[in-house]
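# A closer look at the structure
Residue-level listing of the chains:
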Amino acid sequence: MSGITNFTSCRRFENGASALRKDLPGAGLINKKFLTTKPCQKVSLVHSKRMFKGSSIRMTMVDERISSRKVVVPSEILAYELVQGAKVRWSYITEGSLPEPPTAVLLHGILGSRKNWGSFARRLAQEFPKWQFLLVDLRCHGDSASLKKRGAHTVASAALDVLKLLGQLRLTPRVVVGHSFGGKVALSMVEQVAKPLARPVRVWVLDATPGEVRAGADGDDHPAELISFLSKLPKEVSSKRDIVEALIQEGFSRDVAQWVVTNLRQTNPAGSSPSPLSWVFDLKGIAEMYQSYEETNLWKIVEDVPRGVHVNFLKAERSLHRWALEDIRRIHVAEEQAVEEGGGVEMHVLEDAGHWVHADNPDGLFKILSFSFQGF
């Protein structure tokens with residue numbers, strides 16, 4: 001959302017723009033190093049006190065003599081990364097002295113993590129070098145799992161986490177992209193943010209509907225069943241391969257099994273001998289989140305879309321989730337109504353793709369999303 005200055009706080013000034021909160025938790029700075037890579041910059045901003053080890057892409061340290069090492073705010077809200085195009089010069093500590101670049105937020109689905117979007121975000125940053133892309137680990141997922149959250153684990157609370165993080169970073173995104181569970185989180189962000197928005201924002205809901213979650217056909221992978229099976233496994237395991245085989249034997253696809261084990265980390269990576277692997281997610285919290293995903297109904301925000309918001313739905317041609325004809329009909333009706341009211345709703349279909357759209361057909365997804373980043 002472009003302007004998530006209003007996307008970040010739910011208070012308004014008298015002129016209708018929302019206030020930017022500076023009293024959010026985790027506002028202090030700690031010593032961290034600024035990581036960059038070319039042709040795009042990737043800044044790892046994590047809550048933990050451990051040094052972020054980065055990904056497999058090459059990184060170099062910025063000259064440590066510049067300023068102090070207090071260049072990254074460790075968020076106590078969510079773990080995140082910021083992937084920046086080569087022409088972006090903005091950073092948190094220089095905010096105010098440089099123009100804020102156009103920003104997009106990328107949200108993963110249930111049992112995923114920010115890493116699901118890593119290669120796709122770097123591709124976007126290479127193609128659109130003036131943009132930056134904020135990747136987060138939603139509550140109970142990835143590196144955010146160790147951040148203890150109060151209250152219920154719901155779609156709404158996950159959305160509020162992202163809004164608070166944006167407030168802490170003083171960022172106002174122009175685009176928010178959410179896959180599956182993350183799609184409903186994106187819609188909930190629109191529902192919770194102060195109105196009116198300061199600037200237009202495009203929201204992409206990838207292979208998710210605003211309301212009822214319908215199970216796929218027999219033979220498809222069912223998230224609720226996957227969560228239930230994972231809850232029966234030990235918290236520490238010795239081999240990813242054993243877990244993959246156990247999941248396949250239980251009837252889950254190899255692709256899903258291999259994706260799930262990306263949530264395993266070495267319990268003691270500094271040890272001299274191979275250490276057991278442990279799950280990084282909070283599975284109990286994720287179970288609550290998925291139940292909320294099934295129960296949350298956000299048709300109201302789609303059928304009465306706020307002025308300045310454009311909601312794009314993308315249906316995967318071979319989706320494991322059933323899109324009822326009624327869902328598609330309601331979206332098309334909302335398209336017509338939104339045009340009359342100054343908002344926007346649009347339906348897209350990604351060919352040759354199942355539910356995992358950014359893995360099944362990344363080229364097609366890139367082509368469809370690209371127009372949201374043009375013109376800057």
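Conventions and cut-offs
- Residues numbered from 1 in each chain as written.
- Predicted model: local features only at pLDDT ≥ 70, side-chain atom pairs only at ≥ 80, totals over all residues.
- Heavy atoms only, no water.
- Core = buried A, V, L, I, M, F, W, Y, C linked by side-chain atoms within 4.5 Å.
- Buried < 20%, exposed > 50% of the residue type's maximum accessible area, 1.4 Å probe, protein only.
- Helix = DSSP H or I, 4+ residues; strand = E, 2+ residues; numbered from the N terminus.
- Contact = heavy atoms within 4.5 Å.
- Pairing = 2+ DSSP bridges.

Looking at an unreviewed UniProt entry, one finds the protein named AB hydrolase-1 domain-containing protein and attributed to Anisodus acutangulus.

Before going further, it helps to spend a moment on the nonpolar core. If you look at the biggest cluster of nonpolar residues, it comprises 76 residues, and the most contacted ones within it are L107, L230 and F313. If one sorts the elements of this core by residue count, helix α2 (residues 155-169) sits on top with eight residues. Dropping the residues within four chain positions of it, F313 is found in contact with L187, V205, A208, P210, V302, W323, I331, V345, E346, M347 and H348.

A word on the environment of S319. Examined against the element boundaries, S319 turns out to sit in the loop between β12 (309-316) and α9 (325-341). Given a relative accessible area of 16%, S319 falls into the buried group. When sequence neighbours within four positions are dropped, the list of residues in contact with S319 reads D207, A353, G354 and H355.

Here the focus is the sheet that holds strand β11 (residues 277-279). Strand order across the open sheet formed by three strands is β9-β11-β10, with antiparallel pairing between neighbours. Whereas interior strands pair on both sides, the edge strands pair on one side only; in this sheet they are β9 (236-237) and β10 (264-266). As paired strands, β10 and β11 are joined by three bridges and run antiparallel to one another. When the sheet's bridge partners are listed, L264 is paired in β11 with W279.

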